[in-house]
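A look at the structure
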Amino acid sequence: MRTSPIAWIACALALSGAAAPVTIAAETFSIDPAHSVVMFKINHLGVATFYGRFNGLTGEYTFDAASPAGSSFAVSIDAESVDTNNDKRDQHLKSPDFFNSKQFPVLTMKSKSVKKTGEKGLSVTADLSLHGVTKEVAFDLTHVGAGKDPWGGYRSGFETQFTIKRSDFDIRFMPDGLGDEITILVSIEGVRK
Amino acid sequence: MIEPLALLVGLGVPALLAAAIVTVGRNPAAGRAGWIAGAALGAGYVAGHAGFLGWPAFPARVAEQWLPYAAALGAALGVLTARAPRWLGWALRIALLATGLALWLKPVMTYRWTGAISAVWLAGLLLAALAVGAGLDRVLPALAPPAAWTVLATTFAGTALALALSGSLALGQLAGSAAAAASGGLVASLVVTSHPVGRDSVLVIVVLSVGLVLCGTFYSELPRTSALLLGAAPLAASVVPASAHARGGVRGALCVAAAVGIVAATAVVLAFASSPAPSAY
């Protein structure tokens, strides 16, 4: 029985494929705003910790579980979406006194380097642009989990918390009423593209 | 919540500085130096701005931080063009106002407006600012110095209140610095025989008035009706009969304050009405 050349080529291709190592490529996710949040807390009058949040969060990230250094994160936050459960305070926070949201409508955070630090842990440095000032920040990022959702998609989630000084970003109003340090909590859930 | 020291530096220093310039500059025998009021207002505002927010970097990073540069330049141009041909004064007025408008509105033009809309807004606002300036050219020199300073103090005080009620205490503070400087000029003009608030002072007045109101309108929540009223408020002095203020003194100043104050107060009430309900936070 003669084997045709085409059959030989097909067989060779099949064998070479079977012999190749199994790799998981980096996956890109779109941030799901409905299941993601950016919160902040700041000292008020030296007597309490006050919390607020931003409701407008978008962005995407690429996560490579096998090689985290190839991962990247980019988050955009609508400064107008600041929400502290008080209309008058929200108006003040959006004004030139604080976030100056009409002159600087978007806060952004874009990773510069990602390193694996543990089973679920990543160490990230990123450029944070806030109030028109861009500074490098470093934080630990936790990979919360990943898996299929009920709608046939695939999701993953990350969470971090870090502290910045608002004076570093030229937000200096009311230095005696509000603390200089702002702790920011970012929790994102992404849907695989 | 404003610290007493910040109030002293942001309001006290502008008042004292403006009063000192008006007092030192008194000498009617040397002629009508109409630029002295502008120099006093400009220097007082710059000192107050630096006192409240610090001296801004150059180029300024945010729109309102161009105000001290514009005020200083407006005052300087008033001095430099005092003896220059009138056309040169107008040309420089147009150049400074056009530049100021472009700088103040740069964020809006970047994020919200197309090129054509930006051009229409810039042209419209420039014409409006020039019209206010032309009106002030006629109104202020005709007033006795105390009455003219009252016009400025009342207008900037109204602007400060309206801005503070519209969401930005910082902008309110800046307008407060201008009001404090004008108040210092007023007190000095009641004590010494001062020069009139002349045409050479109008540029810095328009620059400050327009700049503060624009920042409040576009970057805070100052209602546009309030902005229009505050821009027009100093012109309300023209409805006061000359006989009421020609002699100067406190009575003339009060008549003018009432006319301007009604317009400015309306702007403040409208700003208050459109703002979210006040609450302790």
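These numbers come from a predicted model, not from an experiment.

Each value, and the rule that gives it
- Residues numbered from 1 in each chain as written.
- Chains lettered and ligands numbered in written order.
- Predicted model: local features only at pLDDT ≥ 70, side-chain atom pairs only at ≥ 80, totals over all residues.
- Heavy atoms only, no water.
- Pairing = 2+ DSSP bridges.
- Helix = DSSP H or I, 4+ residues; strand = E, 2+ residues; numbered from the N terminus.
- pLDDT = per-residue confidence, 0-100.
- Contact = heavy atoms within 4.5 Å.
- Phe/Tyr/Trp six-rings, centres within 6.5 Å; stacked < 30°, edge-to-face > 60°.
- Buried < 20%, exposed > 50% of the residue type's maximum accessible area, 1.4 Å probe, protein only.
- Patch = residues over 30% accessible without salt bridge, like charges linked within 9 Å, V, L, I, M, F, W, Y side chains within 5 Å.
- Areas by Shrake-Rupley, 256 points an atom, 1.4 Å probe, with all protein chains shown as cover.
- Salt bridge = Lys/Arg side-chain N within 4 Å of Asp/Glu carboxyl O.
- Expected span 1.5 Å × (residues − 1).

**Thoughts on the pairing of strand 10 (residues 154-165) of chain A**
All names here are of chain A. As paired strands, strand 9 (residues 133-148) and strand 10 are joined by seven bridges and run antiparallel to one another. Among the inter-strand pairings, Leu141 is bridged to a residue of strand 10, identified as Thr160. Hairpin connection of strand 9 to strand 10: five residues between the antiparallel strands, including Gly152 at a positive phi of 90°. Relative to strand 11 (residues 178-192), strand 10 runs antiparallel, the two being bridged by 11 bridges. By the bridge assignment, Phe162 is partnered in strand 11 with Ile184.

**Describing the confidence of the model for chain A**
Predicted confidence across chain A gives a mean pLDDT of 88, with 88% of residues reaching 70 or more. Low pLDDT (under 50) marks residues 11-23 of chain A, which in the prediction has zero contacts with non-local residues, meaning those over four places away or in another chain.

**Structural notes on the packing of aromatic side chains**
The geometry of two aromatic rings is summed up by the distance between their centres and the angle between their planes. Considering all chains together, one arrives at 18 aromatic pairs over all chains under this definition. When the centroid spacing of 5.9 Å and the interplanar angle of 85° are considered together, the rings of A:Phe98 and A:Phe173 count as edge-to-face. One end of the pair, A:Phe98, is in the loop between helix 2 (87-94) and strand 7 (106-116); the other, A:Phe173, is in the loop between strand 10 and strand 11, with 75 residues separating them in the sequence. As far as burial versus exposure is concerned, A:Phe98 and A:Phe173 are alike and both buried. For the pair B:Trp113 and B:Trp121, a centre-to-centre distance of 5.0 Å together with 5° between the ring planes defines the contact as stacked. Taking the relative accessible area as the measure of exposure, B:Trp113 reaches 12% and is therefore buried.

**Overview of a nonpolar patch on the surface**
Residues and elements named next belong to chain B. Together, Val187, Leu190, Val191, Val250 and Leu254 give the surface a local cluster of nonpolar side chains, amounting to about 490 Å² of exposed area. Where the nonpolar patch is concerned, the elements lending two or more residues are helix 8 (169-191) and helix 12 (249-274). Considering every element that reaches the nonpolar patch, the biggest residue donor is helix 8, with three residues. Inspection of the secondary structure assignment puts Leu190 in helix 8. Overall, Leu190 belongs to the partly exposed group, its relative accessible area being 42%.

**A short note on helix 8 of chain B**
Along its 23 residues, helix 8 of chain B runs 32 Å from first to last C-alpha, staying within 8% of the 33 Å computed at 1.5 Å per residue. For helix 8 of chain B, the buried fraction is high: 18 of the 23 residues fall into the buried class.

**Describing the pattern of salt bridges**
Residue and element names in this part refer to chain A. The tally for this structure, following the rule as stated, stands at 13 salt bridges over all chains. We note a salt bridge from Glu60 to Lys193, for which the minimum N-O separation is 2.4 Å. Of this pair, Glu60 sits in strand 4 (residues 57-63) while Lys193 sits in the segment after strand 11; the two residues are 133 residues apart in sequence, bridging distant segments of the chain. Residue Glu60 is classed as partly exposed on the basis of its relative accessible area of 33%. Under the relative-accessibility criterion, Lys193 is labelled exposed at 64%. Two residues, Asp170 and Arg172, come together in a salt bridge whose shortest N-O distance is 3.0 Å. Among the charged side chains, a salt-bridge network with shared partners connects Asp32, Asp149, Arg155 and Glu189.

**With respect to the side chain of A:Ser101**
Relative to the elements of secondary structure, A:Ser101 occurs in the loop between helix 2 and strand 7. Excluding residues within four positions of it along the chain, A:Ser101 makes contact with A:Ala79, A:Glu80 and A:Lys94.

**With respect to unusual backbone geometry**
Looking along the chain, the bond that leaves B:Phe58 and enters B:Pro59 is cis, with omega of 0°. Tracing the backbone through its elements, the reader meets B:Pro59 in the loop between helix 2 (35-53) and helix 3 (67-80). Despite not being glycine, A:Asp170 shows a phi value in the positive range, around 60°. For A:Asp170, the location among the structural elements is in the loop between strand 10 and strand 11. Taking the relative accessible area as the measure of exposure, A:Asp170 reaches 30% and is therefore partly exposed. Even without being a glycine, A:Met174 presents a positive backbone phi close to 55°. Here A:Met174 shows up in the loop between strand 10 and strand 11.

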